[in-house]
Amino acid sequence: MNNSSPAPSQSPSPAPLPDRCEVLVVGAGPAGAATARAAALAGHDVLLVDMQDFPRDKTCGDGLTPRAVHALSRAGALDLLDGRPTLGGLALHGFGGSVHAPWPDHGAFPTRGTAIPRTTLDAALRDRALAAGARGATGWKAVSVQLGDAAASGTPVESVTFRAGHGARQTTRTVACRFLVLAEGVRSGIARQLGVQWLRGLVHGVAARSYCTTPFGADPWIHSHLELRDADGVAQPGYGWIFPLGDGVNLGCGALSTTRHPAKVNVKKLLVSYADDQRDSWQLGTPERVTSALLPMGGAVSRVAGVNWAAVGDTAALVNPLNGEGIDYALESGLDLAALLPDAARSPRGLADVWPAHLRERYGDAFSLARRLATLLTMPGLLAAVGPLGLRGPLAPQVMGAAARLMGNLVTPEDRDLTARVWLGAGKLSVGHDRFWHPESRPLFGR
Ligand SMILES: Cc1cc2nc3c(=O)[nH]c(=O)nc-3n(C[C@H](O)[C@H](O)[C@H](O)COP(=O)(O)OP(=O)(O)OC[C@H]3O[C@@H](n4cnc5c(N)ncnc54)[C@H](O)[C@@H]3O)c2cc1C
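Thresholds applied
- Residues numbered from 1 in each chain as written.
- Predicted model: local features only at pLDDT ≥ 70, side-chain atom pairs only at ≥ 80, totals over all residues.
- Heavy atoms only, no water.
- UniProt positions renumbered as here; feature names shortened; annotations may be inferred.
- Helix = DSSP H or I, 4+ residues; strand = E, 2+ residues; numbered from the N terminus.
- Bend = angle between axes of the 7 residues up to and from the residue.
- Buried < 20%, exposed > 50% of the residue type's maximum accessible area, 1.4 Å probe, protein only.
- Polar contact = N/O pair within 3.5 Å; in protein donor to acceptor, adjacent residues only side chain to side chain.
- pLDDT = per-residue confidence, 0-100.
- Contact = heavy atoms within 4.5 Å.
- Salt bridge = Lys/Arg side-chain N within 4 Å of Asp/Glu carboxyl O.
- Domains from an automatic or database assignment.
- Axes fitted to C-alpha atoms, helices over the stretch in contact; angles between N-to-C directions.
- Parallel < 35°, antiparallel > 145°, perpendicular 65-115°, else oblique.
- Left-handed = near helix turned anticlockwise from the far one by under 90°.
- Nonpolar A, V, L, I, M, F, W, Y, C, P; charged D, E, K, R; others polar.

Looking at the UniProt feature "domain: FAD-binding" (unreviewed entry) in the protein chain
Next, step 1: UniProt's entry tags residues 20-201 with the feature "domain: FAD-binding" (unreviewed entry), counted in the numbering of this structure.
Next, step 2: Secondary structure across residues 20-201 divides into 22% helix and 32% strand, with the first and last C-alpha atoms of the span separated by 38 Å.

As for unusual backbone geometry
Next, step 1: The peptide bond linking Phe54 to Pro55 adopts the cis configuration, its omega dihedral lying at 0°.
Next, step 2: Within the chain, Ala317 stands out as a residue other than glycine whose phi angle is a positive 55°.
Next, step 3: Tracing the backbone shows Ala317 in the loop between β19 (309-311) and α6 (327-346).

With respect to helix α5 (residues 267-282)
Next, step 1: Of all bends in α5, the biggest is about 30°, found at Asp276.
Next, step 2: Regarding α5, the residues found buried are Val267, Leu270, Leu271, Ser273, Tyr274, Ala275, Gln278 and Trp282.
Next, step 3: Sitting at the amino-terminal end of α5 is Asn266, which places a side-chain oxygen 3.1 Å from the backbone nitrogen of Lys268.
Next, step 4: Following α5 by one or two positions, Gln283 has its phi on the positive side, about 50°.

Regarding the confidence of the model for the protein chain
Next, step 1: For the protein chain, per-residue confidence averages 91 on the pLDDT scale, and residues scoring 70 or more make up 95% of the total.
Next, step 2: Note that pLDDT drops below 50 for residues 1-5; the model gives that stretch 14 contacts with residues more than four away or on any other chain.

A short note on the environment of Trp103
Next, step 1: Mapped onto the elements, Trp103 comes out in the loop between β5 (97-102) and β6 (114-115).
Next, step 2: By relative accessible area, Trp103 is classed as buried at 6%.
Next, step 3: Distance from Trp103 to Trp423, taken between C-alpha atoms, is 17 Å for residues 320 residues apart in sequence.
Next, step 4: In this view, Trp103 contacts Thr65, Pro66, Leu87, Gly88, Gly89, Leu90, Thr111, Arg112, Gly113, Ile222 and Leu410; residues no more than four positions away in its chain are not counted.

Focus: the pattern of salt bridges
Next, step 1: Within this structure, the stated rule accounts for 18 salt bridges.
Next, step 2: Note that Arg209 is salt-bridged to Asp57, the shortest N-O span being 2.9 Å. Of this pair, Arg209 sits in strand β11 (residues 204-212) while Asp57 sits in the loop between β2 (46-50) and β3 (63-64), and the two are 152 residues apart along the sequence.
Next, step 3: Notably, a salt bridge pairs Asp276 with Arg279, separated by 2.7 Å at the nearest N-O pair. Of this pair, Asp276 and Arg279 both sit in helix α5, three residues apart, roughly one helical turn.
Next, step 4: Here Arg279 falls in the partly exposed class, since its relative accessible area comes to 24%.
Next, step 5: Bridged by salt links that share partners, the residues Arg67, Arg74, Glu332, Asp336 and Arg362 form one connected network.

Concerning the domain arrangement of the protein chain
Next, step 1: Split into domains, the protein chain comes out as domain 1 (1-88 + 108-203 + 296-447) and domain 2 (204-295).
Next, step 2: Once you take the C-alpha centre of each, domain 1 and domain 2 turn out to be 24 Å apart.
Next, step 3: Between domain 1 and domain 2, the contact holds 38 residues from the first and 29 residues from the second.
Next, step 4: Taken together, the connections running from domain 1 to domain 2 amount to two salt bridges.
Next, step 5: Applying the counting rule to domain 1 against domain 2 returns 10 residue pairs in polar contact (both at pLDDT 80 or more).
Next, step 6: Every element with two or more residues in the side of domain 1 that touches domain 2 is listed here: α3 (118-131), α7 (351-377) and α8 (382-391).

Brief notes about the packing of helix α1 (residues 30-41) against α3
Next, step 1: Orientation of α1 relative to α3, taken along the N-to-C sense of each, is 20°, at an axis distance of 8 Å. Considered as vectors, α1 and α3 are oriented roughly parallel to each other. As for the relative orientation of α1 and α3, their crossing is left-handed in sense. Residue-level contacts link Pro30, Ala33, Ala36 and Arg37 of α1 to Arg118, Asp122, Leu125, Arg126, Arg128 and Ala129 of α3.
Next, step 2: Taken together, the residues of the contact of α1 with α3 sort by class into five nonpolar, no polar and five charged.

Here it is in structure tokens:
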């Protein structure tokens, strides 16, 4: 598989870095940009550093569900939807059936989804952080972290060393900080140095995306194909997506994997077969810019915070295991973390307890349940057995309507309808089960 983690920028001489800042954010994807903007608006002195120059690409489906649109609104970026497609729900296909499930009419979330290429979205979010007062630097890769003396409250991060350039033109620079925010995405090298371990034995994703031309780029649905076959017509584990972008589509496919049931599938090859399969109905061009990457999911990391540092977005494995969405959780976690900084500054334990507790409270139940269901889906043959029940028959629209809502995590603790109550109750049971039977999963969001 391609390593989707891009090389550091090739800029000959990136702008110099300052010696110190109050809030140092490493990584300027949605998580880092949202943190930086919110922290800057709250009056903090913020430095937002990325190893790449912007605009930059990121392997992604580019899809934004109502939860993500809501998060964009919180991040002050709702205007980015102007001129973008309005996607009214999920069209689920497979096992001889097809169901269109509109987004639920939920007071807390809009009824609109959309899709925006990450090259555009991420650059725009970063621009907003800079407009809010954050200082920005690109072309600098964080390579090491320096710790201060351990105290009763824990060992604080003192500074981060960055590297730019290559060979004889390589330079390093160290930036001291009061708070460090790790928004490095999935490949999180600095986070690893601080003890953030991705628990790969738990369910995670492997996925590939591409861009295709089509005259149907303005289609108003997010399409998901739950039954994929390879070039020989053999059923493969995984699912496909087509996200209309207006002037084309993002077409991709992914599979869920665990140590017990690893996804033995070449997602790039599967993508090509999937595109072949869809070519006639969408009049698709050849898939271009095919890239693949891993998706950490469901908070499956061992540690997310220390006394003056915290992980957000993919670095904290904040991706929904049931639909592979992470942009919304990246934005939400960045915004929430920025809001907690004043409290952390006053507390002797800083972020060490408050951040994992916040993530557990906000996502613990839903992610535990979603991980459990996604793990079930890695069992060979299970989807083929239950898929026809959901996608065919008189109750298919109701079943898939509920599934679209739950897969998109469009449920809040205040919801009182039956579907939500069952889901919220099952989430609590799932966490209880994790605690009792799977102590190895206790470190999720732990210290
Ligand atoms: C194939 C695929 C399809 C997906 N489809 C969707 C989808 O349709 N919708 C959705 O919501 N989510 C989707 N996701 C998930 C989504 O892409 C991520 O959850 C999201 O990008 C997380 O944002 P982030 O800010 O945490 O990390 P990123 O967007 O990865 O940003 C991390 C940034 O950190 C920088 N960086 C990394 N290391 C360093 C370093 N050492 N020094 C300096 N800078 C550094 C990188 O250059 C990068 O800019 C998909 C993922 C994959 C792989």
